[in-house]
Amino acid sequence: MVAFHSSIVKFVFALNLLLSKPQRRHLLAFLHGIILCEGRVNISQICRLTNHDRDLSCMTRFLQESPPWCSKHVTKQRLSCLMETIRQTRAKRGDTRPITFLILDDTQCKKTKSYNTIQPTNQTLKNLTKTLDKLSKAYSNLNAEEE
């Protein structure tokens, strides 16, 4: 088996998932394989790339049948972990501003059939620029009010 990258292992442990050792190994193999595989990825490629010592069916059963495996719970834990990391990093820098996210909607972007590459139109770029300008002004006003 390939040694897993330490940051991946730390991240999985930080999630505090109730997984057995074999289940944790499967999860690490999946994450490691997804990161290392190029292009479209399937379970066979992940097994081959990570030299996973278990049968392919073990990894597929892990995704399908593991009782503690709940994608919603994992997503909740992942987001909580990431938000806490962001908060801690910002606190170390003395940044007390609220965390803000900018969500971009690409539904109006022109996509090609090959690889669904996004090619924004000029109108989309103009709209994005206007939105970012408005957000910047609103943020500046908010900071001015706090001072």
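Before reading further, recall that the structure is shown in the block above.
The present account deals with the structure reproduced in this document.

Counting its secondary structure elements, the chain contains six helices and two strands. When the helices and strands of the chain are listed from N to C terminus, the series reads α-α-α-α-α-β-β-α. Across the 147 residues that make up the chain, the buried fraction comes to 18%. Residue pairs at least 24 apart in sequence account for 47% of intrachain contacts in the chain once pairs closer than 6 positions are excluded.

Where nonpolar side chains cluster on the molecular surface, the patch consists of Leu102, Leu104, Leu132 and Leu135 and spans about 360 Å² of accessible area. If you trace the backbone, leucine 104 turns up in the loop between α5 (71-92) and β1 (110-111).

Right, let's talk about the nonpolar core for a bit. Counting 16 residues, the largest nonpolar core has Leu17, Leu27, Phe30, Ile46 and Met59 as the members making the most contacts within it. Contributing elements (two or more residues each) for this core: α1 (6-14), α2 (21-36), α3 (43-50), α4 (56-65) and α5. For this core, the leading source of residues is α2, giving four residues.

Here the focus is α2. Its 16 residues place the ends of α2 22 Å apart at the C-alpha level, agreeing with the 22 Å of an ideal helix rising 1.5 Å per residue. What α2 keeps buried is the set Gln23, His26, Leu27, Leu28, Ala29, Phe30, His32 and Gly33. For α2, the secondary structure elements touched by its buried residues are α1, α3 and α4.

Let us look at the pattern of salt bridges. Summed over all chains, the structure comprises three salt bridges. Residues participating in the shared-partner salt-bridge network are Arg90, Asp95 and Arg97.

Interhelical geometry of α1 versus α2 gives an angle of 130° and a closest axis separation of 10 Å. Looking at the two axes, α1 sits oblique to α2. For the pair α1 and α2, the crossing hand works out as right-handed. From α1, Ile8, Val9, Val12 and Phe13 reach across to α2, where they touch Arg24, Leu27, Leu28, Leu31, His32 and Ile35. Broken down by class, the residue content of the contact of α1 with α2 amounts to eight nonpolar, one polar and one charged.

Running from amino to carboxyl end, α2 crosses α4 at an angle of 100°, the nearest separation of the two axes being 10 Å. On the basis of their axis angle, the class for α2 and α4 is roughly perpendicular. On α4, the residues touching Gln23, His26, Leu27, Ala29 and Phe30 of α2 are Cys58, Met59, Phe62 and Leu63.

About the cut-offs
Here the residue index of a chain counts from 1 through its sequence in written order. With the structure being a predicted model, the display of local features is reserved for residues of pLDDT at least 70 and the display and counting of side-chain atom pairs for 80 or more, all residues being used for whole-chain, interface and lining totals. The basis for the side-chain values is all heavy atoms of the structure; hydrogens and waters are excluded. Helix and strand assignments follow DSSP, with helices taken as H or I runs no shorter than four residues and strands as E runs no shorter than two, numbered in order from the N terminus. Relative accessibility decides the category of a residue: with a 1.4 Å probe and only protein chains considered, values under 20% of the type maximum give buried, values over 50% give exposed, and everything between is partly exposed. The contact rule is simple, with two residues in contact once any of their heavy atoms fall within 4.5 Å. A patch consists of residues whose relative accessible area exceeds 30% and which take part in no salt bridge; residues with like charges are grouped when within 9 Å of each other, and nonpolar side chains (Val, Leu, Ile, Met, Phe, Trp, Tyr) when within 5 Å. Accessible surface area values rest on a Shrake-Rupley calculation with a 1.4 Å probe, where residue burial reflects the displayed protein chains alone. Salt bridges are identified by distance alone: a Lys or Arg side-chain nitrogen within 4 Å of an Asp or Glu carboxyl oxygen. For our purposes a nonpolar core is just a set of buried Ala, Val, Leu, Ile, Met, Phe, Trp, Tyr and Cys residues, chained together by side-chain atoms within 4.5 Å. A helix is expected to reach a length of 1.5 Å times the quantity of its residues less one. Angles run from 0 to 180 degrees between N-to-C directions of axes, and those axes are lines fitted to C-alpha atoms, restricted for helices to the stretch in contact. Here is the rule for angles: anything less than 35 degrees is roughly parallel, anything more than 145 is roughly antiparallel, 65 through 115 is roughly perpendicular, and the remaining ranges are oblique. Left-handed describes a crossing whose near helix is turned anticlockwise from the far helix through less than a right angle; right-handed describes the clockwise counterpart. Basically, the charged four are Asp, Glu, Lys and Arg, the nonpolar ten are Ala, Val, Leu, Ile, Met, Phe, Trp, Tyr, Cys and Pro, and anything else, Gly included, counts as polar.

Function cannot be inferred from these measures alone, as they are strictly geometric.
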